[in-house]
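Notes for the structure review
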Amino acid sequence: MAQPAVVFKKVAYTYNAQTAFSFKALQDISAEIEKGSLTAIIGHTGSGKSTLTKLVDGLLLPDHGSIQVGNFNLTHESGHDELLKLHREVGYVFQFPEKQLFSDTVLQDVEFGPLNLGKSAKEAKQMALVALDTIHLPADLYDHSPFELSGGQMRRVAIAGVLAMQPQILIMDEPTAGLDPQGQTEILELAHSLHEQGTTVILVSHQMDQVARYADTVLVLNHGQLVFTGTPRNLFSQLQLLKQAELEPPLATAFAQSMADQGWHFDHLPLTVTDLGNELVKQLQKEGQHE
């Protein structure tokens, strides 16, 4: 079995604890995220997705239970110094991260993180150049203002600023929100490429087509409880579970299910449009051979 990058042990978290406004965001979460995986965390709005990822990065601490992140064991008693060290291992890309861009040039913006970690100017520049190469931004844009770039390019530069600190785990919270289809594809292909290079990627998304195409493993949260851990194929074949978790299947899966209701047979419901097309061609070819 692959080595876990993150282990949740009976984790719970309550916002505004011991007040009239207390809200249990997470209850008794136990799960593992494998090292080097691309794991999607999904659920309806308010299910606890962002709370869970913020616990991984130490932005929040659990009320109960513990979270093992690499060599760090996070509990409600974890101290400031330990959390500072953790932030060097875990990179967090928030929704609309381009809003955090501020420097005069793309290169300066990406250098900021390594400089903040105490790297020399020479080291920070080299780390920034490696990160910018990773996101495939043309080199002639490095000296441009990040605010001159397209929305997708700005998003990639913001991600490069996180990658420059060389995290072992990269959390991406709704990384394609607000982007056009091309920009969405660029970000998701980047996440997939980082995953293939060995980075553990945790993806929070409400778009099931993205989850079906890119994720190895899926964690499903429903009202603060973990209700599923497994592969996308296993998840999207359980239509009753999806309904209970207030989730819709990928478009290709939903279309195939409607066809199955009309008499078509699928050994496995397809997850993507490509899978659906291949399955339909296969079945039509079989029917042609029978005629």
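Residues numbered from 1 in each chain as written. Predicted model: local features only at pLDDT ≥ 70, side-chain atom pairs only at ≥ 80, totals over all residues. Heavy atoms only, no water.

The next thing to look at is the sheet that holds strand 2 (residues 23–34). Across the sheet, which stays open at both edges, the four strands sit in the order 2-1-4-5 with antiparallel pairing between neighbours. One side of each edge strand has no neighbouring strand; the edge strands of this open sheet are strand 2 and strand 5 (72–74). Across the sheet, the axes of successive neighbouring strands diverge by a mean angle of 20 degrees, strand direction being ignored. The sheet contact formed by strand 4 (residues 64–69) and strand 5 spans three bridges and is antiparallel. In the sheet register, I67 faces strand 5, and the bridge partner there is L74. The sheet contacts of helix 1 (residues 49–56) involve strand 1 (4–15), strand 2, strand 4 and strand 5, and relative to strand 1 the element is tilted by about 120 degrees. Across the sheet, helix 2 (residues 80–87) touches strand 4 and strand 5, and the angle it forms with strand 5 is around 125 degrees. (Pairing = 2+ DSSP bridges. Helix = DSSP H or I, 4+ residues; strand = E, 2+ residues; numbered from the N terminus. Axes fitted to C-alpha atoms, helices over the stretch in contact; angles between N-to-C directions. Contact = heavy atoms within 4.5 Å.)

Let's shift gears to the packing of aromatic side chains. Scanning the entire structure with this criterion turns up three aromatic pairs. Ring geometry for Y13 and Y15: centres 4.9 Å apart, planes at 80 degrees, overall edge-to-face. Among the residues examined, Y13 registers a relative accessible area of 12% and is labelled buried. A residue is classified by how much of its surface remains accessible, and Y15, at 28% relative accessible area, is partly exposed. (Phe/Tyr/Trp six-rings, centres within 6.5 Å; stacked < 30°, edge-to-face > 60°. Buried < 20%, exposed > 50% of the residue type's maximum accessible area, 1.4 Å probe, protein only.)

What follows concerns the pairing of strand 9 (residues 217–222). Every other side chain in a regular strand lies on the same face of the sheet, so the side chains alternate between the two faces. Among the six residues in strand 9, five count as buried, and that is most of the element. As paired elements, strand 3 (residues 38–43) and strand 9 share five bridges and run parallel to each other. Along strand 9, the bridge assignment pairs I41 with L219. Note that strand 9 and strand 10 (residues 225–230) share five bridges and pair antiparallel. In the sheet register, V220 faces strand 10, and the bridge partner there is F228. Two successive antiparallel strands, strand 9 and strand 10, enclose a turn made up of two residues, where H223 displays a positive phi of approximately 50 degrees.

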